[in-house]
Amino acid sequence: MLQVNDLYVNYKRDNNKAYVIQNLSMKIRRGERLGLVGESGCGKTTLARALLRLLSPNAVISSGQILLDGEDLLALSKEQMRKKRGKEIAFIPQNAMNALNPVHRIRDQLIELLYEHTSMPKKKALETIRAAIHSVDIHERHLNDYPHQLSGGMKQRIIIAMTLMLQPTLIIADEPTTALDVIVQQNILHKLRTMQEALNSALLFISHDLALVSSFCHTIVVMYGGKIMETCRMEQFLARASHPYSIGLQYASPNFSMNGEALITIPGMPPKLTELSKGCQFHERCPFVSDKCVSVEPKLQQIAEGHKVACHYVSEAQRFRREAKEIATWERRR
Ligand SMILES: Nc1ncnc2c1ncn2[C@@H]1O[C@H](COP(=O)(O)OP(=O)(O)OP(=O)(O)O)[C@@H](O)[C@H]1O
Ligand code: NI
């Protein structure tokens, strides 16, 4: 199980800091697929890279714990962490297709990975590689290919086969299918899911696509301005999303079960994150804002088993859900 406690990450920029992850706590259990959603810039990739300890050099994890099966990843040496990555923690990055080395054959790249993390004899390694690429429906003759000889979808499937070959306990996928067309996307997600279920690994699935996340994941975390606004099981999210930002995302998402209503847009821009926030991160864009939201930070509080929301007015969520359907409600903030 992955458990994150009170994590803070900031980036140093020229003269200031950006507080990109603030006070973030979450859990993912074995076998669970957790979807992480939120607009561009809210900190999703930063969180993923913090978990992997692959942040850029100007990033600082200023406090918190990241526990994988009880072991604090932040306490490991660089070398220990490098061994965990690839083996226990798999990462499928945003443009995974470019993660393959263009000058080496697919076979050599897969072998290299196995040799780096295991002491498999050559024969066993070759068998493992064949099984891995069969599992994503790729013929073994492609082991002889160089990356440029393969389509985008095939490269993405090879990356998935490659990352899962070492049977990780945690898989982090950051927009794994964004660049691909819908059919290829469905096929790849199906493969990812089958393998994740077979390994019983925890999956952190990052996406902009709320409809996709809602059909693919068991649980959801809605992030905004570096903080968790709401987290719950998917059926709770579908029936009773309670944070105005979550509700806004739902009504702004094409393909999200909305019975043909017009899509809203959430006006305004995400916060700049140059100061630790005082009130609610979402207050500047929230149609239901009050003075309290500007000055007092709402704590992430449990409203039902497995359902947490950071909003002072969570008791009015039913009204929010009704009113947020109307485009006029959001026009108030323009
Ligand atoms: N290396 C960096 N130095 C300074 N600021 C950074 C750096 N990387 C990211 N940021 C800033 O941190 C914030 C969060 O970025 P991040 O990439 O984590 O967001 P995201 O939710 O993954 O967005 P997207 O959906 O576009 O991928 C943004 O404001 C971004 O500009
Ligand atoms: Ni990102």
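Just so it is clear, the model here is predicted, and its values are computed rather than measured.

The strand order across the open sheet formed by four strands is β2-β1-β4-β5, and the pairing between neighbours is antiparallel. This sheet does not close on itself; its edge strands, each paired only once, are β2 (17-28) and β5 (71-72). Bridge count for strand β4 (residues 59-68) against β5 is two bridges, and the pairing is antiparallel. Within β5, the position partnered with Leu68 by the bridge is Glu71. On top of the sheet, helix α1 (residues 44-52) reaches β1 (2-12), β2 and β4; it is set at about 110° to β1, its chief contact.

Judged by nonpolar contacts, the single largest core of 68 residues is most densely connected at Leu192, Phe205, Ile220 and Phe237. With seven residues, helix α5 (residues 152-164) is the single largest residue contributor to this core. Taken domain by domain, this core gets at least three of its residues from each of domain 1 (2-217) and domain 2 (238-331). Setting aside residues no more than four positions away along its own chain, Ile220 makes contact with Gly35, Val37, Leu210, Val213, Glu230, Thr231, Cys232, Met234 and Phe237. Core analysis: the second largest hydrophobic core is formed by 31 residues, Leu7, Met81, Ile206 and Met223 among them.

This part is about the domain arrangement of the protein chain. It is common to give the size of an interface as the accessible area that goes away when the parts come together. Segmentation of the protein chain into domains returns domain 1 (2-217) and domain 2 (238-331). Summarising the inter-unit geometry, the C-alpha centres of domain 1 and domain 2 are found 30 Å apart. The partner domain 2 presents 16 residues to the 15 residues of domain 1 that form the contact. Each partner contributes to the roughly 1,200 Å² buried at the junction of domain 1 and domain 2, and carbon and sulfur atoms together form 58% of this total. Looking only at domain 1, the three residues that lose the most surface to domain 2 are Tyr19, Glu39 and Leu210, adding up to 44% of its buried area. Inspection of the region where domain 1 meets domain 2 yields one salt bridge. With a closest N to O distance of 3.0 Å, Glu39 and Arg285 form a salt bridge. Put simply, domain 1 and domain 2 have three residue pairs in polar contact (both at pLDDT 80 or more) between them. Among the secondary structure elements, those contributing two or more residues to the side of domain 1 that touches domain 2 are β2 and α7 (210-216). Of all the elements, β2 adds the most residues to the side of domain 1 that touches domain 2, at five residues. Taken together, the residues of the side of domain 1 that touches domain 2 break down into seven nonpolar, six polar and two charged.

Rules and cut-offs
Residues numbered from 1 in each chain as written. Chains lettered and ligands numbered in written order. Predicted model: local features only at pLDDT ≥ 70, side-chain atom pairs only at ≥ 80, totals over all residues. Heavy atoms only, no water. Pairing = 2+ DSSP bridges. Helix = DSSP H or I, 4+ residues; strand = E, 2+ residues; numbered from the N terminus. Contact = heavy atoms within 4.5 Å. Axes fitted to C-alpha atoms, helices over the stretch in contact; angles between N-to-C directions. Core = buried A, V, L, I, M, F, W, Y, C linked by side-chain atoms within 4.5 Å. Buried < 20%, exposed > 50% of the residue type's maximum accessible area, 1.4 Å probe, protein only. Domains from an automatic or database assignment. Buried area = accessible area lost by both parts, 1.4 Å probe. Salt bridge = Lys/Arg side-chain N within 4 Å of Asp/Glu carboxyl O. Polar contact = N/O pair within 3.5 Å; in protein donor to acceptor, adjacent residues only side chain to side chain. Nonpolar A, V, L, I, M, F, W, Y, C, P; charged D, E, K, R; others polar.

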